[in-house]
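Read off the chains here:
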Amino acid sequence: MISIKNLTKQYGNTFALQKLDLEIQSGEFVFLVGSSGAGKSTLMKMLYAEETPTSGKVIVGGVDISKVRREKIPNLRRCMGIVFQDFKLLPKQTVYDNVAYVIRTLGMSSKEIDARVRGALRIVNLSHKLKAKPTELSGGEQQRVSIARAIVNGPPLLIADEPTGNLDPQTSMEIMEILDQVNQRGITILVSTHDHAIVNYFRKRVVTLEDGRIIRDVQAGTYT
Amino acid sequence: MLSSLPKNILTELRIIFRVGLETLKGIKQTGLMNLVIISTMAAILSIFGCMFRTSLGLSTFINEIGNVLEISVYLHPNADAQTVANKINRMPHVQRINIIKKEDAWADLKRQMTLPDINNPLPDTLHVKIDNPQNVDQAVKRIKNLKQVEDVQYAQDLAKKMKTVNDISHAATIIVLLVLGGLTLFIISNTIQLVIQSRKQEIEIMRLMGVSNWYIKAPYIIQGAFYGFCGAILALIPLNILQSYLNKMLTFFGISNPAMATNIVILSLLIMGIVFGAGGSMISVKKYLKV
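Residues numbered from 1 in each chain as written. Chains lettered and ligands numbered in written order. Predicted model: local features only at pLDDT ≥ 70, side-chain atom pairs only at ≥ 80, totals over all residues.

Novice: I'd like a rundown of the sheet that holds strand 1 (residues 2-11) of chain A, residues and numbers included.
Specialist: All names here are of chain A. Pairing is antiparallel in the open sheet, where four strands are placed in the order 2-1-4-5. Strands at the two margins of the open sheet, each flanked by one partner only, are strand 2 (14-24) and strand 5 (63-64). Relative to strand 4 (residues 55-60), strand 1 is paired through five bridges, and the arrangement is antiparallel. Paired with threonine 8 across the two strands is serine 55, which belongs to strand 4. Strands strand 1, strand 2 and strand 4 of the sheet are contacted by helix 1 (residues 40-47), whose axis makes an angle of about 120° with strand 1. (Pairing = 2+ DSSP bridges. Helix = DSSP H or I, 4+ residues; strand = E, 2+ residues; numbered from the N terminus. Contact = placed C-beta atoms within 7 Å. Axes fitted to C-alpha atoms, helices over the stretch in contact; angles between N-to-C directions.)

Here you go:
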């Protein structure tokens with residue numbers, strides 16, 4: 001699903017990522033861990049083409065992202081779900097509208113949109129909050145809406161950049177449970193985090209970054 | 001993975017409908033500013049429309065007056081009037097020639113005045129009509145070159161003045177078009193910039209979620225075009241008032257109204273409003289909306 005080869009990202013004289021190699025297979029659940037400034041977010045941004053590599057290759061679903069033309073980037077992003085630490089929900093729109101937003105722009109019929117939105121909200125256990133505005137929801141609920149929005153278009157890959165960064169430990173655990181369920185539906189999941197408890201609890205593949213390099217890559221690993 | 005969803009006409013129509021809704025949302029969010037922008041656009045387009053319409057009316061007026069002008073060509077006593085008339089008739093811009101035989105002219109003069117019984121001193125004369133006052137000078141030069149022609153007379157100053165007024169009128173319309181066009185672009189681009197700034201967060205989310213670039217940009221461009229269109233419609237009111245005055249003036253001088261002038265001006269106003277409105281938006285979208 002993801003193939004990163006000799007990837008380097010440089011900002012001026014600072015290296016955010018250095019000669020990084022990483023392979024993630026379809027259906028995997030991978031934690032990307034490391035302290036702040038290790039390069040986790042930069043790597044995540046590379047995957048959804050928000051940043052471009054200084055050198056090396058980032059291949060997602062067989063597509064070399066560095067070669068994707070600017071106008072084709074939205075197509076790429078629609079083929080993956082993205083979950084952010086700060087949820088990035090439209091505050092004036094309801095839960096339903098937030099989840100439906102992107103698929104509406106694709107010209108789907110109301111019937112299809114309705115089925116997809118309700119299905120996605122059922123997965124994140126928010127079927128009863130269709131008409132609520134994000135401001136009326138707790139942080140955990142907002143992140144669940146964000147996950148529903150990420151999966152509504154049926155992407156093969158979901159990228160979550162510090163999805164529990166703004167949440168308490170119990171809510172964080174609930175969010176990870178949902179992501180685990182999503183993974184069991186066959187969607188590849190890549191989660192960046194520095195939450196030890198979560199990583200140690202789920203025992204998934206753990207890739208550790210430090211100073212822009214991968215220093216550890218362990219199956220069923222823990223946060224060391 | 002990058003293969004896009006199958007598209008059919010229904011899908012496209014739904015997307016267009018959604019873009020329309022996004023545009024309406026943007027207009028709604030702009031609130032009372034909409035009225036200010038549309039009024040300003042209407043004022044600008046009114047000035048242009050009135051100038052353009054006046055210029056068209058003036059051109060017709062000048063052409064009509066100019067067409068009444070004739071060049072009087074006096075021939076040498078031994079010249080054959082018909083031969084010279086044929087030569088002049090072949091010249092460019094010549095519309096019509098009347099031959100006034102010296103005998104007829106003398107008889108006319110004798111009818112109007114008491115004259116002594118002397119030999120007819122008048123030459124054969126040709127009255128030449130030129131298609132456009134602007135071409136009179138050129139025609140006179142050509143006619144003077146004919147050896148059978150003794151003298152040529154025409155209302156030289158009047159023709160020149162009319163040509164100047166016509167030229168100034170056209171130039172003023174073009175200058176006004178350029179200045180007001182620039183002003184329109186400036187106003188619309190600034191307004192759309194404000195709309196973009198107020199929806200910055202929403203745009204950012206749309207962008208990250210993979211909403212297509214044109215879907216994000218199109219509503220702003222349509223919103224600009226909408227302001228231009230509404231401004232042009234409002235500008236038709238003062239244009240209509242001016243129109244009635246011009247009609248009265250032309251009727252007073254016995255000149256028919258220029259064909260299609262009003263339609264041309266209305267069409268120009270709508271095109272100018274929409275093109276400059278959308279153009280102003282595009283400037284802002286290009287500058288402030290990075291997707």
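Novice: A description of the nonpolar core should follow, citing residues and the corresponding values.
Specialist: A:Val99, A:Ala148, A:Leu158 and A:Ile159 are the most contacted members of the largest nonpolar core, which has 114 residues in total. The dominant element in this core, judged by the number of residues it contributes, is helix 8 (residues 213-252) of chain B, at 13 residues. Residues within four places of A:Ala148 in sequence aside, it is in contact with A:Val99, A:Ala120, A:Leu121, A:Ile123, A:Val124 and A:Leu126. Residues B:Ile71, B:Val73, B:Ile130 and B:Ala139 belong to the second largest nonpolar core, which totals 11 residues. (Core = buried A, V, L, I, M, F, W, Y, C linked by C-beta atoms within 7 Å. Buried ≥ 20, exposed ≤ 12 C-beta atoms within 10 Å, placed from the backbone.)

Novice: Can you explain the domain arrangement of chain A? Please cite residues and give values.
Specialist: Residue and element names in this part refer to chain A. Its domain assignment divides chain A into domain 1 (1-74 + 157-179 + 187-219) and domain 2 (80-154). The gap between the C-alpha centroids of domain 1 and domain 2 is 23 Å. Counting residues at the interface gives 17 residues for domain 1 and 15 residues for domain 2. (Domains from an automatic or database assignment.)

Novice: Run through the interface of chain B and chain A, naming residues and quoting values.
Specialist: Each partner contributes to the interface: chain B provides 18 residues, whereas chain A provides 20 residues. Listing elements by their share of the side of chain B that touches chain A, those giving two or more residues are helix 1 (9-30), helix 7 (200-208) and helix 8 of chain B. A total of five residues in the side of chain B that touches chain A trace back to one element, the largest contributor, which is helix 1 of chain B. When the residues that make up the side of chain B that touches chain A are grouped by side-chain class, the tally is nine nonpolar, five polar and four charged. (Nonpolar A, V, L, I, M, F, W, Y, C, P; charged D, E, K, R; others polar.)

Novice: Describe the packing of helix 3 (residues 95-105) of chain A against helix 5 (residues 139-151) of chain A, with residues and values.
Specialist: For any two helices packed against each other, the geometry is given by the interaxial angle and the distance between the axes. All names here are of chain A. Two elements in contact, helix 3 and helix 5, have axes whose closest approach is 8 Å; the angle formed by their N-to-C orientations is 30°. Here helix 5 runs roughly parallel to helix 3, going by the angle between their axes. Handedness of the helix 3/helix 5 crossing: right-handed. When helix 3 is examined against helix 5, the residues Val95, Asn98 and Val99 are found in contact with a partner set consisting of Val145, Ala148 and Arg149. Here the residues of the contact of helix 3 with helix 5 sort into four nonpolar, one polar and one charged. (Parallel < 35°, antiparallel > 145°, perpendicular 65-115°, else oblique. Left-handed = near helix turned anticlockwise from the far one by under 90°.)

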